[in-house]
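The residues making up each chain are set out below.
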There are 2 protein chains.
Amino acid sequence: MFFPSAGVPESELGLRERKRLATERTIERAALDLAQEHGYEGVTVEMICESAMVSPRTFFNYFGSKEGVFLGNTPPRPTPEMIDWFVNERPSTTLLDLVELFRWMMSTRNRTDPETMRERRALIHSTPDLAVREFARMAEAETELTALLQRRRDAAGIEGSDVFPDEPRVVVLLAFAIMHPAMHRWLENPDDASQETLIADSLSMIRRIIDEPTHS
Amino acid sequence: MFFPSAGVPESELGLRERKRLATERTIERAALDLAQEHGYEGVTVEMICESAMVSPRTFFNYFGSKEGVFLGNTPPRPTPEMIDWFVNERPSTTLLDLVELFRWMMSTRNRTDPETMRERRALIHSTPDLAVREFARMAEAETELTALLQRRRDAAGIEGSDVFPDEPRVVVLLAFAIMHPAMHRWLENPDDASQETLIADSLSMIRRIIDEPTHS
DNA sequence: GTTAATTATGCAGAGACTGCACGCTTTGCG
DNA sequence: CGCAAAGCGTGCAGTCTCTGCATAATTAAC
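The rules behind each value
Residues numbered from 1 in each chain as written. Chains lettered and ligands numbered in written order. Predicted model: local features only at pLDDT ≥ 70, side-chain atom pairs only at ≥ 80, totals over all residues. Heavy atoms only, no water. Helix = DSSP H or I, 4+ residues; strand = E, 2+ residues; numbered from the N terminus. Buried < 20%, exposed > 50% of the residue type's maximum accessible area, 1.4 Å probe, protein only. Contact = heavy atoms within 4.5 Å. Areas by Shrake-Rupley, 256 points an atom, 1.4 Å probe, with all protein chains shown as cover. Axes fitted to C-alpha atoms, helices over the stretch in contact; angles between N-to-C directions. Parallel < 35°, antiparallel > 145°, perpendicular 65-115°, else oblique. Nonpolar A, V, L, I, M, F, W, Y, C, P; charged D, E, K, R; others polar. Core = buried A, V, L, I, M, F, W, Y, C linked by side-chain atoms within 4.5 Å. Near = heavy atom within 4 Å. Left-handed = near helix turned anticlockwise from the far one by under 90°. Polar contact = N/O pair within 3.5 Å; in protein donor to acceptor, adjacent residues only side chain to side chain. Expected span 1.5 Å × (residues − 1). Arc of directions from axis to C-beta. Phe/Tyr/Trp six-rings, centres within 6.5 Å; stacked < 30°, edge-to-face > 60°. Salt bridge = Lys/Arg side-chain N within 4 Å of Asp/Glu carboxyl O.

- Taking an unreviewed UniProt entry as the reference, chain A is identified by name as TetR family transcriptional regulator belonging to Mycetocola tolaasinivorans.

## Description of the overall build of chain A
Part 1 of the argument: Secondary structure summary: chain A contains ten helices and zero strands in total.
Part 2 of the argument: When the helices and strands of chain A are listed from N to C terminus, the series reads α-α-α-α-α-α-α-α-α-α.
Part 3 of the argument: Residues classed as buried in chain A amount to 44% of the 216 residues present.
Part 4 of the argument: Across chain A, contacts joining residues at least 24 apart in sequence account for 68% of those joining residues at least 6 apart.
Part 5 of the argument: For chain A, the accessible area works out to roughly 11,500 Å², and carbon and sulfur atoms hold 54% of it.

## Comments concerning the packing of helix H1 (residues 15-38) of chain B against helix H3 (residues 56-63) of chain B
Residue and element names in this part refer to chain B.
Part 1 of the argument: Running from N to C, H1 and H3 cross one another at 105 degrees; their axes reach a closest spacing of 11 Å. For the element pair H1 / H3, the angle class is roughly perpendicular. Counted together, Arg20, Thr23, Glu24, Ile27 and Glu28 of H1 and Phe59, Tyr62 and Phe63 of H3 form the full contact between these two elements.
Part 2 of the argument: Grouping the amino acids of the contact of H1 with H3 by side-chain chemistry returns four nonpolar, one polar and three charged.

## Quick word on the nonpolar core
Part 1 of the argument: Ranked by internal contacts, the top residues of the largest apolar core, which has 65 residues, are Leu98(A), Leu174(A), Ile206(A), Leu98(B), Leu174(B) and Ile206(B).
Part 2 of the argument: Tallying contributions element by element places helix H9 (residues 167-188) of chain A first for this core, with twelve residues.
Part 3 of the argument: Other than its neighbours up to four places away in sequence, Leu174(B) contacts Leu174(A), Ala177(A), Ile206(A), Ile209(A), Ile210(A) and Leu95(B).
Part 4 of the argument: Formed by 22 residues, the second largest nonpolar core is a distinct cluster that contains Leu32(B), Leu123(B), Ile124(B) and Leu130(B).

## Considerations on the protein's contact with DNA strand D
Part 1 of the argument: As a matter of local geometry, DNA strand D sits amid 20 residues, with Thr58(A), Arg16(B), Lys19(B), Arg57(B) and Lys66(B) nearest to it.
Part 2 of the argument: If you look at DNA strand D and keep only atoms within 4 Å of the protein, 65% of those are sugar or phosphate atoms.
Part 3 of the argument: Where the surface near DNA strand D is concerned, the elements lending two or more residues are helix H1 (15-38) and helix H3 (56-63) of chain A together with H1 and H3 of chain B.
Part 4 of the argument: Considering only residue class, the surface near DNA strand D consists of six nonpolar, seven polar and seven charged.

## Re the packing of helix H9 (residues 167-188) of chain B against helix H10 (residues 195-210) of chain B
Residues and elements named next belong to chain B.
Part 1 of the argument: Running from N to C, H9 and H10 cross one another at 135 degrees; their axes reach a closest spacing of 8 Å. Relative to H10, H9 is oriented oblique. Every pair of crossing elements has a handedness; the one defined by H9 and H10 is right-handed. Of the residues in H10, those in contact with Ala177, Ile178, Met179, Pro181, Ala182, Arg185 and Trp186 of H9 are Gln195, Leu198, Ile199, Asp201, Ser202, Leu203 and Ile206.
Part 2 of the argument: By residue class, the composition of the contact of H9 with H10 is ten nonpolar, two polar and two charged.

## Looking at the protein's contact with DNA strand C
Part 1 of the argument: For DNA strand C, the set of nearby residues contains 20 residues, the closest of which are Leu15(A), Lys19(A), Arg57(A), Lys66(A) and Thr58(B).
Part 2 of the argument: Restricting attention to atoms of DNA strand C within 4 Å of the protein, one finds that 66% of them are sugar or phosphate atoms.
Part 3 of the argument: Here a base oxygen of DNA strand C sits 2.6 Å away from a polar atom, N or O, in the side chain of Arg57(A).
Part 4 of the argument: Within the contact set of DNA strand C, a phosphate oxygen lies 2.5 Å away from a backbone nitrogen or oxygen of Lys66(A).
Part 5 of the argument: Tallying contributions element by element places H3(B) first for the surface near DNA strand C, with four residues.
Part 6 of the argument: Classifying every residue of the surface near DNA strand C by side-chain character gives six nonpolar, seven polar and seven charged.

## Section: helix H7 (residues 114-125) of chain B
Residues and elements named next belong to chain B.
Part 1 of the argument: Its twelve residues give H7 an end-to-end C-alpha distance of 17 Å, which sits within 8% of 16 Å, the value for a rise of 1.5 Å per residue.
Part 2 of the argument: Within H7, the full set of buried residues consists of Thr116, Glu119, Arg120, Leu123 and Ile124. Taken around the axis of H7, the buried residues stretch over an arc of 135 degrees, which confines them to a single face. Away from the buried face of H7 by more than 90 degrees, exposed residues Pro114, Arg118 and His125 are located.

## Here's the deal with the packing of aromatic side chains
Part 1 of the argument: Summed over all chains, the structure comprises eight aromatic pairs over all chains.
Part 2 of the argument: Where Tyr62(A) meets Phe63(A), the ring centres are 6.3 Å apart and the plane angle is 35 degrees; that geometry is what we call tilted.
Part 3 of the argument: By relative accessible area, which is 18% here, Tyr62(A) ends up buried.
Part 4 of the argument: Taken together, a centroid distance of 5.8 Å and an interplanar angle of 45 degrees make the contact between Phe59(B) and Phe63(B) tilted.

## Structural notes on the pattern of salt bridges
Part 1 of the argument: Enumeration over the complete set of coordinates arrives at 18 salt bridges over all chains.
Part 2 of the argument: A salt bridge links Glu67(A) to Arg133(A); the shortest N-O distance between them is 3.1 Å. Of the two residues, Glu67(A) sits in helix H4 (residues 66-71) while Arg133(A) sits in helix H8 (residues 128-156), which places them 66 residues apart along the sequence. Exposure class is identical for Glu67(A) and Arg133(A). Each is buried.
Part 3 of the argument: Salt-bridge contacts for Glu115(B) lead to Arg118(B); the nearest nitrogen and oxygen are separated by 3.4 Å. Here Glu115(B) pairs with Arg118(B), and both are found in helix H7, just three residues apart, close to one helical turn.
Part 4 of the argument: Judged by relative accessible area, which is 39%, Glu115(B) ranks as partly exposed.
Part 5 of the argument: For Arg118(B), a relative accessible area of 54% puts it in the exposed group.

Below you can see the structure in the form of structure tokens.
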């Protein structure tokens, strides 16, 4: 299974697009630098704009909110073809497919360079306010995937749908639980092991936890 | 296992406390009514205050933020005794204890009457902005519980701590996945079955999903 | 009844964010 | 090249959430 990772090379972009990318990155850098110095709360949009030499209005045109510049632009939504593939072409064995889809949505985030990404993650995780927002984004993705699973289930005409009406959501939560340690370790040590291995480890760990003896 | 469910009966409260509760409820009602009419975005704090006949400053003294009045006050944190009990007195079998603790934190929310609670839930779920915040609260609870588990593990001196450094978080995610369908069904139909049964059902469903054949 | 703690309120102001209008740059096309 | 259309950057005015501070009123405690 292969999902494409991104679009047009930057070199063959129009002048307009290139300028846009440049100011976007300038603003991001200014924001990140200032936040590392003063903390998230200690930075105002005005400060960022002064440092990046753009007007506040322009800032909001680019990022929509103060948090936006720190969280990065929203991860790509699954394409219609992928949705179709996922809903119609697969057997009803859901969990690992979902993990796969999830992984794609998380990894193809954006075209920011790795160093900036790392700084950003550090900032987010050390700022409760931002961490909460990051989580909210995860929740959005979660909701979206839940809807997708529901559609697949409807398409396949699974029998017990009325007995376990919220099975899709649980599957998503589980997929998330599986992804979490794998992604975590992978971010810390990209060459440590293949993602497949990490996921397999994670899965066996979860099996062990679930099968733990249940002391009355 | 038994956790106390609430505090002092309202009748034997000082005048000051009773007044405070009264205005709190007045503001809540005003907010809820206005939001049902105009939607969350369509309501300003000023409108709520006018309707409840308090000053905006008082509103923020009570709820701290506009969302606060719609989400309800934060669920009670676990008491120090409970934390101690959880960290030190229990064997290392974690999952079901955690579910129990989780259930307590969710159920003892507040002393608002059920009808208001229902309206509030409806509003939250039909307002993306509020739904996100609700999720954020869950995330906070999750973080807190993760830290608790970590402490328990340190106290017990579990061996494989460095092999599975983020097992605590995964356990919390799993507990959450277990709680989710149970809580959902329980909110819809409180007398349908005991919470224990619901949780057992949920657990078996999760086992089934995890043990699903993994096609290639 | 006097003193101390709580509470309600007004006020001033910071800071995030939006709609609108205007001028400049890039683009596409003949 | 020249010209029109589209897109972009900007200033401005204004709304709204939220905070610190000072002050007056209320309740509690002795």
